[in-house]
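# Residue-level structure breakdown
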Amino acid sequence: MEKVFLSLAAGALVLASCVSNPEGKKAETADSVENVALSDGGSELTVDTALSNVEWTGRKVSGQHHGHVKIKSGELTVDEGKLVGGNFVIDLTSINNLDLEGEYKGKLEGHLKSADFFDVENHPEATFEITEVKDGAEAGAVVIAGNLTIRGVSKNITFDAQVEESSDTALKATADFNIAREDWGVSYKGQADDLISKEINLKVKLVAGA
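Within this model, the largest pocket holds a volume of roughly 930 Å³. Residue lining of the largest pocket: 49 residues in total, with Trp56, Gly58, Leu112, Phe118 and Ile200 positioned closest to the centre. The residue inventory of the lining of the largest pocket, partitioned by class, reads 35 nonpolar, 7 polar and 7 charged. In this structure, the second largest pocket occupies an estimated 150 Å³ of space. Together, Lys25, Lys26, Ala27, Glu28, Val143, Thr158, Phe159, Asp160, Asp176 and Phe177 line the second largest pocket. Among the elements of the structure, strand S8 (153-166) and strand S9 (170-180) are those that each provide at least two residues to the lining of the second largest pocket. Here the lining of the second largest pocket takes 3 residues from S8, the largest share from any one element.

Laid out in structure tokens, this is it:
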């Protein structure tokens, strides 16, 4: 009987620890770097905060949650029809969950804003500054590197993006990638029987114009 109990307990522990990351390619992550994405010319475009945003997805053993967060401001630089630099600010006070309602929605959003996760009271904004842009393998594809700062921690990440429109007066771009949240000090593991995935999926949509 004791062996059966131990076997069941071990099985439960394995199941509790089996939480998969959200779908998405993990961004390469390194220490922050000095910005080299500088251009002598080009056009400065203002990010349209009404049309731009960041969607997020996180998983846990019992399921997953998703939502979005607003982009507060930003500028992108286009030179000869190509994205060459820029930055934007994410308003973490706007963290919004889309799969819950009422009390549970409020509790989750409050928890995400707490010190267990993004510590919004002390770090209300996250920022991203492009440090390098390279051409991708296909038309419209680019590889972007930039310093992402969350909770006062800056890391340089590299990920694939798709530029749908790029000119001296307008730019539309999207990206879909994962980050390992612990790299930015977001280390809350979740409940013992409902662990949280180590990675978060981010889908970024940027629309900018002159």
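For the rest of this paragraph, the subject is the pattern of salt bridges. Oppositely charged side chains are able to pair whenever their charged atoms sit close together. Counting across every chain of the model gives 9 salt bridges. As a salt-bridge pair, aspartate 160 and lysine 25 come within 3.3 Å of each other at their nearest N and O atoms. Within this pair, whereas aspartate 160 is found in strand S8, its partner lysine 25 is found in the loop between helix H1 (2-17) and strand S1 (28-31), the two being separated by 135 residues in sequence. Relative accessible area serves as the criterion here: at 42%, aspartate 160 is assigned to the partly exposed category. Among the ionic pairs, lysine 82 bridges to aspartate 135, the shortest N-O distance being 3.3 Å. You can see lysine 82 sitting in strand S5 (residues 82-97) and its partner aspartate 135 sitting in strand S6 (residues 125-135), a full 53 residues away along the chain. Under the relative-accessibility criterion, lysine 82 is labelled partly exposed at 45%. Aspartate 135 gets classed as exposed once you look at its relative accessible area, which sits at 56%.

Thresholds applied
Residues numbered from 1 in each chain as written. Predicted model: local features only at pLDDT ≥ 70, side-chain atom pairs only at ≥ 80, totals over all residues. Heavy atoms only, no water. 1 Å grid on protein atoms, 1.4 Å probe; cavity = no way out; pocket = protein on both sides within 12 Å on 5 of 7 lines; lining within 4 Å. Points joined across faces, edges and corners; volume = space filled by probe spheres on them. Nonpolar A, V, L, I, M, F, W, Y, C, P; charged D, E, K, R; others polar. Helix = DSSP H or I, 4+ residues; strand = E, 2+ residues; numbered from the N terminus. Salt bridge = Lys/Arg side-chain N within 4 Å of Asp/Glu carboxyl O. Buried < 20%, exposed > 50% of the residue type's maximum accessible area, 1.4 Å probe, protein only.

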